[in-house]
Amino acid sequence: MDGLPAVPDGSSTEAVLDFDAIVLGAGVTGLYQLYKLRELGLKVRVFETGTAVGGTWYWNRYPGARFDSESWTYGYSFSKELLEEWDWEEHFAGQPETERYLNYVADKFGLRRDIQFKSRVTAAHYQEDTRSWDVVLEDGRCYTTRFLITAVGVLSAATMPAIPGVETFQGQSCHTHYWPKEPVRFEGKRVAVIGTGATGIQTITEVAKTAGHLTVFQRTPQWSAPLHNAKIGAEEMRGIRANYPEIYATDPRAALEVTPKERDAFWEKLYAEPGFGIWMGNFKDILVDRQANALISDFIARKIRERVKDPVVAEKLIPKNHGFGTRRVPLESGYFEVYNQPNVELVDINETPIERITPVGIKTSDHEYEFDIIIYATGFDAITGAFDRIDIRGVGGVSLKDKWKDGPQTFLGILIDGFPNMLMVMGPHAGLGNFPRAVEYTADWVTGLIRFACDRGLTRIEATAAGAVAWTDHVIASSEGLLFTEVDSWMTGINRNVEGKQVRRIMRYSGGHPAFRKRCDAVAADGYRELVLA
Ligand SMILES: Cc1cc2nc3c(=O)[nH]c(=O)nc-3n(C[C@H](O)[C@H](O)[C@H](O)COP(=O)(O)OP(=O)(O)OC[C@H]3O[C@@H](n4cnc5c(N)ncnc54)[C@H](O)[C@@H]3O)c2cc1C
């Protein structure tokens, strides 16, 4: 394609823009989107806050940071050569290995030359007269682009707890997402971890190995299940390669259809196997039927009681306010046994709330603790958080944050009415599945739409309001009956540390990736007539 597509009526939209497309974020999603847009011959720039590629796997360097999906399901599939070349070292790669992989991809495909690091985007405003976006960086620089593509991540807007005094602590404070690049040493140190979600569980397990004393502040315990990680030998890697791609299949039986003995035998097997099988490959009713869910929850609770010696501590570690699998199941490697160690203490902050962070430590309602290091494993303003942190304004200056204040409204999780030429890859309401597979599909679809526009000299792409309402209604309907919708979690848009995130919303599409693909394919096959193109 030569330059930018001209507007047929010769209007002022022929203005020379800095870029055909700007992509926000250089994680798994942004890297692939860049690769695809280059195939169209477009002038593309990626803006990334960090100093290097990797997104999640660049930022989260905390001790124990690791996949809990199989490494070999996580590689991109678009390049056979890449699949042939890359050997995963572990079934569940640690952060350094995944970061290495994404750097390898960036180098192999020469992606870095179009990525501008240390470039946080603070604002993006649509200009109707030029049918383009003004994109503003934190340092004030401003760029223009026809298409704005977000690849900002679902878990990338880290949140600190809303506890007074955080800034007064005189020791070392680390949020797991913003972990320092140089190693943090815990030997002989008094360490606190606040938060026991997936990240907290990984951090606690690792820090407990060397800390002088570790105090864990827990609000919500999790139904964590064993990861069973292992190294991958050369022979095994050959076998895996021969079987790309491997997926979990749900057991077609219902938990309530089989005898208790059969049920327990199946669950023992799943509990002893690596990965998410116990969550995603379990009986088909455990995530929809309250009774079946109570049975699997009892099974996991039994396991926790077996593994934790002190029965009082064990009870504290067993979730009481949600059933197994209704929040994302964190996978662990010896997490529960940590609480059998003499150097580890569990504080239930429901019983003794944290009142404030002090210059020397943490004050709860009944004790003043002193620490050398406080680790905040307090997670993310998930899914829409990274969008909310950018002043995104569409037609007529309407703010996206305002538009989504009662929950996201999207068409296919990709387009938003009133925000022409803005396309989201892995935004809210998008099709979910194996992450890189889902990214590849959506980025291909976005690229196909841009190709379609460029080929026809179209410079304005927008979802209709009716299309967005219909998709949003469908997303909501597809989650009906799923037990997770009745539970507060980042998957239902709850974050007690973020204003406006106290009401449960349907943030993600639960209809499955095949249904999502079918719908998106149909829109493309129909010549995108469901969109307004000009
Ligand atoms: C600790 C942790 C463990 C995980 N484990 C798994 C797992 O085992 N399996 C799995 O499938 N998924 C896992 N995930 C989910 C993971 O986020 C995705 O798999 C994937 O890495 C997301 O890629 P992404 O490129 O969409 O987003 P990210 O990797 O989050 O990248 C987004 C990038 O956008 C940048 N960005 C955001 N806003 C701006 C802005 N305004 N200006 C400029 N740049 C911006 C960020 O700096 C970031 O680098 C995990 C997530 C976390 C946090």
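Look up a bit, the structure's there.
Please read these numbers as outputs of a predicted model, since none were measured by experiment. The residue numbering used here restarts from 1 in each chain and proceeds along that chain's sequence as written. Since the coordinates come from a predicted model, pLDDT governs what is reported: local features require at least 70, and pairs of side-chain atoms require 80 or more to be given and counted, while whole-chain, interface and lining totals use all residues. Note that the side-chain values use all heavy atoms of the structure and ignore hydrogens as well as water.

Engineer: Account for the overall build of the protein chain, naming residues and giving values.
Structural biologist: Along the protein chain, the regular secondary structure elements total 17 helices and 20 strands. Radius of gyration: over C-alpha atoms. The globule rule applied is 2.2 Å multiplied by the number of residues raised to the 0.38 power. Expected size for 534 residues packed as a compact globule is a radius of gyration near 24 Å; at 24 Å, the protein chain falls within 12% of this value. Overall, the protein chain is about 75 × 55 × 45 Å in size when its C-alpha atoms are taken along their principal axes. Relative accessibility under 20% of the residue-type maximum defines a buried residue, over 50% an exposed one, and the middle range a partly exposed one, all with a 1.4 Å probe and only protein chains included. For the protein chain, with 534 residues in total, the buried portion stands at 57%. Any two residues having at least one pair of non-hydrogen atoms within 4.5 Å are treated as being in contact. Long-range pairs, those at least 24 residues apart, make up 71% of the contacts in the protein chain between residues at least 6 apart in sequence. When the accessible surface of the protein chain is totalled, it reaches about 22,000 Å², and 52% of it is carbon and sulfur. Taking the average location of the 60 positive side-chain charges in the protein chain and that of its 71 negative ones, the two points are 1 Å from each other. Where helices and strands are cited, they refer to DSSP runs of H or I of at least four residues and of E of at least two residues respectively, numbered from the N terminus. Surface accessibility follows the Shrake-Rupley procedure with a 1.4 Å probe radius. Residue values consider only the protein chains on display as shielding. We score Asp and Glu as negative and Lys and Arg as positive, and we do not count His or the chain ends. A charged residue contributes its charge at one atom only: NZ of Lys, CZ of Arg, CG of Asp or CD of Glu.

Engineer: Can you lay out the pairing of strand E4 (residues 121–127) for me, pointing to particular residues and giving the numbers?
Structural biologist: One bridge is not enough; two strands pair if DSSP finds at least two bridges between them. Pairing geometry for E4 and strand E5 (residues 132–137), over six bridges, is antiparallel. Considered in E5, the bridge of Tyr126 is made with Trp133. Where E4 meets strand E17 (residues 391–393), three bridges bridge the pair, whose relative direction is parallel. Bridge pairing in E17 links His125 to Arg393.

Engineer: Give me the lowdown on the packing of aromatic side chains, citing residues and values where you can.
Structural biologist: Whether two aromatic rings pair depends on their centres lying within 6.5 Å, for rings of Phe, Tyr and Trp, where Trp uses its six-membered ring; planes under 30 degrees apart make the pair stacked, over 60 edge-to-face, and the rest tilted. Summed over all chains, the structure comprises 39 aromatic pairs. For the ring pair Trp86 and Trp88, a centre distance of 5.8 Å and an interplane angle of 75° mean the geometry is edge-to-face. Judged by centre distance (6.5 Å) and plane angle (45°), the rings of Trp179 and Phe186 are tilted. With a relative accessible area of 6%, Trp179 lands in the buried category. In this analysis the charged atom, NZ for Lys or CZ for Arg, is taken to sit over a ring once it is within 6 Å of the ring centre and within 35 degrees of the ring normal. Positioned over the ring face of Phe266 is Arg253, at 5.3 Å from the centre of the ring. For the cation-ring pair, Arg456 lies above Phe452, with the distance from its terminal atom to the ring centre recorded as 3.7 Å.

Engineer: Go over the sheet that holds strand E15 (residues 368–370), please, and point to the residues and values.
Structural biologist: Strand order across the open sheet formed by three strands is E13-E14-E15, with antiparallel pairing between neighbours. Each edge of the open sheet carries a strand with a single partner, namely strand E13 (354–357) and E15. Taking each pair of neighbouring strands and ignoring which way they run, the sheet shows an average axis angle of 20°. Alignment of E13 against strand E14 (residues 361–364), held across three bridges, turns out to be antiparallel. Every angle, taken between N-to-C directions, lies between 0 and 180 degrees, and every axis is a line fitted to C-alpha atoms, over only the stretch in contact when it is a helix.

Spatial relationships are all this shows, so hold off on functional conclusions.
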